[in-house]
Amino acid sequence: MPTPLKRFPKRFLWGAATSAHQVEGGTYNQWTLWEKENAKSLAHSAEYKLAHLASWDKTKQEATNPENYISGQATDHYHRYEEDFDLMQQLNFNAFRFSIEWSRIEPTEGAWDPAEIEHYRQYIRALKARGMEPMVTLFHWSMPVWFAEKGGFEKARNIKYFVRYADKVLQELGRDLRYITTINEPDTMTYNGYISLEHPPQKHSLPRMIWTYRNLLESHRQIYKVAHQMSRRFKVGFTKSYAMVEAGDDRWQTKFMVRFDYFIRDDIEHTYLRGREDFIGVNYYFHDRRLGFQVLDHPDKRVNDLGWEMVPGAIEHVLKRLHKRYKKPIIVMENGVADMEDKHRQWWMARVLSAIHSAMDDGVRVEGYLHWSLLDNFEWAYGKWPRFGLFHVDYKTLKRTPRKSALWYGKLIKQLRGL
Ligand code: BGC
């Protein structure tokens, strides 16, 4: 391990992250409908998208089966959360990030479901009873069907519905909460929905992408205000995907494009929020290499099962840059690899943690690390075959089995928390 991991503060948040639609099972939202409509075509296009990867032989069977693209019962975390929290306790976690499924709380417009609110109340209490800080996300890409039918976040007039739901959740559950993430990765959601067309609503349009993004940020601003009016205890942030953009040479075009990339990807939104964030939620998966106007792959790149280049140490640069520009506490809200054979996960975590440690040595305020993910889960348009979990999930029996890297992570946390 490059840096000895000695000096993590006692109160550092250690844990993992999930999102409701990806693990709970039995959801009914805009994604559930989209999956059903698209499962066959996703299975058909799998070979075209994935056959070039070394993992293809092992993933082919699942990836070409339409069933893979239906979230269905997922990991049934909705019913098995206590069992899952026990597993987390065995890994010595003191924090857990999860999302609340809006479509359960407000299945039809304006009608709250008290039983579902109670479910999440018990859920949060079960975490606290095990000594874990609940880190809630209000919106992790799945929305009620009625809200999607009204145009979702594409319409500024719909922001009020999301703010009303957020207000309700905080009124009902806020007593037991401190860390609130309003929105998960508005950048990825809008890019995938309006540019790459990998996610609903699959409408190709740059203006719509920009407008939807703006509406998501506007929602954050309003919820930030609502939450702070309700309680000073809340720490409200939002979470975005941050990549390191590396200059592949020292031409002016390359330097210009690196700056431009950061501006477009990261700085515009922080500027728009004008400080209305109590922490910066960092999801780190990617590293890009710029050569002039092109983004080029490294010829010897090491990739995960999804073909994503793995440069774990580059998170240090991301953290330092954010610290320098925005001076806010940072929480790593997601970070992980699709790695069915658990060949890379431990190496990846060790590098990432050592990079976080060295950023902290240089004064960056990082308050937590939440690994993506606790369990294997439903990886959106790729379905169930990509395996991001610390725990392997057998989708037939729903049995959870810790991967070797999970046991390593658990031991490390124990040592670093001085337990
Ligand atoms: C998302 C997760 C997703 C993960 C891996 C993040 O962008 O927030 O929902 O599963 O990346 O792709």
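Residues numbered from 1 in each chain as written. Predicted model: local features only at pLDDT ≥ 70, side-chain atom pairs only at ≥ 80, totals over all residues. Heavy atoms only, no water.

## Things to note about the site of the ligand
What counts is decided by this rule: When we say a residue is near a molecule or strand, we mean one of its heavy atoms is within 4 Å of it. We define a polar contact as two N or O atoms separated by no more than 3.5 Å, with the added condition that, inside protein, one atom must be a possible hydrogen donor and the other a possible acceptor, whereas residues neighbouring each other in sequence contribute only through side-chain atom pairs. Ten residue types, Ala, Val, Leu, Ile, Met, Phe, Trp, Tyr, Cys and Pro, are classed as nonpolar, four, Asp, Glu, Lys and Arg, as charged, and the remainder, Gly among them, as polar.
Around the ligand, the neighbouring residues are Q22, H140, W141, N184, E185, Y285, W308, E334, W372, E379, W380 and F388. Take Y285: an N or O atom from its side chain is 3.5 Å from an oxygen atom of the ligand. Looking at the shell around the ligand residue by residue, the class counts come to 6 nonpolar, 3 polar and 3 charged.

## Topic: the sheet that holds strand β4 (residues 179-184)
What counts is decided by this rule: Only when DSSP finds a minimum of two bridges between them are two strands counted as paired. Numbering of helices and strands runs from the N terminus; a helix is a DSSP stretch of H or I covering at least four residues, while a strand is a stretch of E covering at least two. Axis lines are fitted to C-alpha atoms, over the contacting stretch for helices. Their N-to-C directions set the angle, which ranges from 0 to 180 degrees.
Strand order in the closed barrel formed by 8 strands is β1-β2-β3-β4-β5-β7-β10-β11, and the pairing between neighbours is parallel. Within the sheet, the average angular offset between the axes of one strand and its neighbour, ignoring direction, is 25°. Where β4 lies against strand β5 (residues 235-241), 4 bridges are found, and the strand directions are parallel. Residue I180 lies in a different strand from β5, and its bridge partner there is V236.

## Description of a nonpolar patch on the surface
The condition that has to hold: Patch building starts from residues that exceed 30% relative accessible area and form no salt bridge, then joins like charges within 9 Å and nonpolar side chains (Val, Leu, Ile, Met, Phe, Trp, Tyr) within 5 Å. For the accessible areas, the method is Shrake-Rupley and the probe is 1.4 Å, while residue cover comes only from the protein chains on display. For this document, the term salt bridge refers to a Lys or Arg side-chain nitrogen within 4 Å of an Asp or Glu carboxyl oxygen. Each residue is placed in one exposure class: buried if its accessible area under a 1.4 Å probe, protein chains only, is under 20% of its type's maximum, exposed if it is over 50%, and partly exposed if it falls in between.
Taken together, the side chains of W252, F256, F260, F263, I264, I268 and F293 define a hydrophobic patch exposed on the protein surface, amounting to about 770 Å² of accessible area. The residue F293 is located in the loop between β8 (287-291) and β9 (294-295) in this model. Note on F293: relative accessible area 58%, which makes it exposed.

## Observations regarding the nonpolar core
So the rule is basically this: In this text, buried Ala, Val, Leu, Ile, Met, Phe, Trp, Tyr and Cys residues form a nonpolar core when linked through side-chain atoms within 4.5 Å. Contacts are assigned to residue pairs that have any heavy atoms within 4.5 Å of one another.
The biggest cluster of nonpolar side chains holds 125 residues, and the ones touching the most others in it are F93, W102, L319, I356 and Y369. Here W102 is in contact with F139, M143, P144, W146, F147, F153, Y161, F162 and Y165, once residues within four sequence places are set aside. Ranked by size, the runner-up nonpolar core spans 6 residues in total, among them M209, Y213, L217 and F238.

## Regarding the side chain of T190
Here T190 lies in helix α9 (residues 186-194). By relative accessible area, T190 is classed as buried at 1%. Polar contacts involving the side chain of T190 include one to the main-chain carbonyl oxygen of D187, which spans 3.2 Å. With residues up to four places along the chain from it excluded, the contact list for T190 reads I195, M209, T212, Y213 and L216.

## A word on the sheet that holds β9
Pairing within the open sheet is mixed, and its 3 strands lie in the order β6-β8-β9. Of all the strands in the sheet, just β6 (244-247) and β9 have a single pairing partner and so form its edges. Strand direction decides the pairing type here: β8 and β9, joined by 2 bridges, are antiparallel. Bridging across to β9, L291 finds its partner in Q294.

## Re the layout of surface pockets
Just so we agree on the cut-off: Throughout, the protein atoms alone are placed on a 1 Å grid, and a set of points is a cavity if a 1.4 Å probe fits but cannot get out or a pocket if it is open with protein on both sides within 12 Å along at least five of seven lines; lining residues have an atom within 4 Å of a point. Grid points are joined across faces, edges and corners, and a volume is the space filled by probe spheres set on the points.
One number sums up the size of the largest pocket: a volume of about 1,700 Å³. Around the largest pocket sit 48 residues that line it, and T188, Y191, N192, S241 and F286 are the ones nearest its centre. Taken together, the elements giving at least two residues each to the lining of the largest pocket come down to α2 (30-50), α9, α10 (206-230), β5, α11 (252-273) and β8. It is α11 that contributes the most residues to the lining of the largest pocket, 7 residues altogether.

## Here we look at the packing of helix α12 (residues 315-326) against helix α13 (residues 345-361)
Which entries qualify depends on this criterion: Should an angle lie under 35 degrees it is considered roughly parallel, over 145 roughly antiparallel, and from 65 to 115 roughly perpendicular; all remaining angles are considered oblique. Handedness of each helix crossing follows the sense of rotation of the near helix against the far helix: counterclockwise by less than a right angle gives left-handed, clockwise gives right-handed.
The interhelical angle for the contact between α12 and α13, taken along N-to-C directions, is 30°, at an axis separation of 8 Å. One element, α12, and the other, α13, form an angle in the roughly parallel class. Relative to α13, α12 is oriented so that their crossing is right-handed. Together, I315, E316, L319 and K320 of α12 and V352, A355, I356, S358 and A359 of α13 make up the contact between the two elements.

## What to know about the packing of aromatic side chains
In plain terms, the rule: Only rings of Phe, Tyr and Trp enter the pairing, Trp through its six-membered ring, and a pair is recorded when the two centres are within 6.5 Å. The plane angle decides the type: under 30 degrees is stacked, over 60 is edge-to-face, the rest tilted. Criterion for a charge above a ring: Lys NZ or Arg CZ within 6 Å of the ring centre, and within 35 degrees of the ring normal.
Inspection of the entire model under this criterion finds 37 aromatic pairs. When the centroid spacing of 5.0 Å and the interplanar angle of 80° are considered together, the rings of F85 and Y123 count as edge-to-face. On the criterion of sequence distance, the pair formed by F85 in helix α4 (residues 77-90) and Y123 in helix α6 (residues 114-129) is long-range, its members being 38 residues apart. Here the two residues F85 and Y123 agree in accessibility, since each one is buried. Three or more aromatic residues link up through ring pairs in this structure, and these residues are W102, F139, W146, F147, F153, Y161, F162 and Y165. Over the face of the ring belonging to Y262 we find R321, whose NZ or CZ atom lies 4.0 Å from the ring centre. Seen from the ring of Y395, K384 lies directly overhead, with NZ or CZ sitting 5.4 Å from the centre.

## Section: the environment of T181
Locating T181 in the fold gives a position in strand β4. Residue classification places T181 among the buried positions, given a relative accessible area of 1%. Separated by 97 residues in the primary sequence, T181 and D278 have C-alpha atoms spaced 10.0 Å apart. Excluding its chain neighbours within four sequence positions, the residues that come into contact with T181 are R97, V136, T137, L138, G237, F238, T239, F279 and M333.

In short, shape yes, function no, at least from these values alone.
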